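Fold and contact review
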There are 2 protein chains.
Amino acid sequence: MLRIDLGAATPAYEQIANGLRALLVAAAMAPGEQLPTVRQLALDLGVHHNTVAEAYRQLAAEGWLDLRRRRGAIILDRPTPASSPEAVADFARRLEELIAKAIGAGVPRERIAAELETAARHLRKGAES
Amino acid sequence: MLRIDLGAATPAYEQIANGLRALLVAAAMAPGEQLPTVRQLALDLGVHHNTVAEAYRQLAAEGWLDLRRRRGAIILDRPTPASSPEAVADFARRLEELIAKAIGAGVPRERIAAELETAARHLRKGAES
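Residues numbered from 1 in each chain as written. Chains lettered and ligands numbered in written order. Predicted model: local features only at pLDDT ≥ 70, side-chain atom pairs only at ≥ 80, totals over all residues. Heavy atoms only, no water.

1. A word on the interface of chain A and chain B
- Contacts between the two partners involve 49 residues from chain A, matched on the other side by 49 residues from chain B.
- Of the roughly 4,800 Å² buried between chain A and chain B, counting both surfaces, carbon and sulfur atoms make up 68%.
- Applying the counting rule to chain A against chain B returns four salt bridges.
- In this structure, Arg 124 of chain A and Glu 117 of chain B form a salt bridge, with 2.8 Å as the shortest nitrogen-oxygen distance.
- Inspection of the chain A/chain B interface yields eight residue pairs in polar contact (both at pLDDT 80 or more).
- Only helix H1 (12–25), helix H4 (85–104) and helix H5 (109–128) of chain A provide two or more residues apiece to the side of chain A that touches chain B.
- Tallying contributions element by element places H4 of chain A first for the side of chain A that touches chain B, with 15 residues. (Contact = heavy atoms within 4.5 Å. Buried area = accessible area lost by both parts, 1.4 Å probe. Salt bridge = Lys/Arg side-chain N within 4 Å of Asp/Glu carboxyl O. Polar contact = N/O pair within 3.5 Å; in protein donor to acceptor, adjacent residues only side chain to side chain. Helix = DSSP H or I, 4+ residues; strand = E, 2+ residues; numbered from the N terminus.)

Right, here's the structure in full:
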């Protein structure tokens, strides 16, 4: 359910946080549920446990997790923050960079457009329900 | 034409490379043109010149730039590589993570969908010409 690429430019802890955040946003894991322990996930992914701990700390700082020494990492019922122009602008800029990277890697523009449209449809469906 | 955020999790050299790559893909700079010198760009962005040099090296490794001691960084006429299933899968995964991050930051799903649709339309127009 979570994969990381140790050869990528993105630090491993960031990849773990990104992957977990995507699962949390998709509601693949519900509030009150417990994440794997740091040691277990580190073992599964083949990384140092500090790397997983750093990812958990980042998600805790964003309000996704409650970190407790004994109980491990518990998923919180995180209220959605108010949108800000900065968050929208940041998303738009990162999207542009991501598309540029894909074009540079040879992904055809039509294919990229199709992926974007699929994601947009998915979001509009989710927003309705 | 290029902005970086020193407080972001993405390393500065990666932000510079991302921003320049977006400009190169958008053909805002043409093959044969010269980029600002490492020292000039470092001065403009307020970063160490090693940071800019690392970004230039990354783009050179991707085939975008020809780095020469005297002439500086020259933009190459880079052939588009063949697409690969890995490049497509990588794009899809990163897109999902980017959307999750935006939702987590409070950007409304409809707003994200609208940005994706605009980008898709832009790509389809560019693909026709």
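2. As for the nonpolar core
- By size, the foremost hydrophobic cluster in this structure holds 80 residues, and its most contacted members are Ile 16 and Leu 116 of chain A together with Ile 16 and Leu 116 of chain B.
- Every residue in contact with Ile 16 of chain B, bar those within four places of it in the chain, is listed here: Leu 2, Ile 4, Leu 41, Leu 45, Val 47, Thr 51, Val 52 and Ala 55 of chain B. (Core = buried A, V, L, I, M, F, W, Y, C linked by side-chain atoms within 4.5 Å. Buried < 20%, exposed > 50% of the residue type's maximum accessible area, 1.4 Å probe, protein only.)

3. Things to note about the packing of aromatic side chains
- In total, this model carries zero aromatic pairs over all chains according to the counting rule given.
- Lying over the aromatic face of Trp 64 of chain A, Arg 78 of chain A brings its terminal NZ or CZ to 4.2 Å of the ring centre. (Phe/Tyr/Trp six-rings, centres within 6.5 Å; stacked < 30°, edge-to-face > 60°. Lys NZ or Arg CZ within 6 Å of the ring centre and 35° of its normal.)

4. Quick look at the environment of Asp 66 of chain A
Residue and element names in this part refer to chain A.
- Along the chain, Asp 66 turns up in strand S1 (residues 65–68).
- Along the chain, Asp 66 and Leu 76 lie 10 residues apart, while their C-alpha atoms are 6.4 Å from each other.
- Those residues in contact with Asp 66 that lie beyond four places of it in its chain are Gly 72, Ala 73, Ile 74 and Leu 76.
- Within the local environment of Asp 66, its side chain forms a polar contact with the side chain of Arg 68, the two groups lying 2.8 Å apart.

5. Quick word on the packing of H4 of chain A against helix H1 (residues 12–25) of chain B
- Viewed as axis vectors pointing N to C, H4 of chain A and H1 of chain B meet at an angle of 70°, and their least axial separation amounts to 8 Å. Judged by the inter-axis angle, H4 of chain A sits roughly perpendicular to H1 of chain B. Of the two elements, H4 of chain A crosses H1 of chain B, and the hand of that crossing is left-handed. Here Glu 97, Ala 100, Lys 101, Ile 103 and Gly 104 of chain A of H4 of chain A lie close against H1 of chain B, whose contacting residues are Glu 14, Asn 18, Gly 19, Arg 21, Ala 22 and Val 25 of chain B. (Axes fitted to C-alpha atoms, helices over the stretch in contact; angles between N-to-C directions. Parallel < 35°, antiparallel > 145°, perpendicular 65-115°, else oblique. Left-handed = near helix turned anticlockwise from the far one by under 90°.)

6. Considering the domain arrangement of chain A
- Domain boundaries in chain A define domain 1 (12–75) and domain 2 (85–128).
- Taking the mean C-alpha position of each, domain 1 of chain A and domain 2 of chain A sit 26 Å from one another. (Domains from an automatic or database assignment.)

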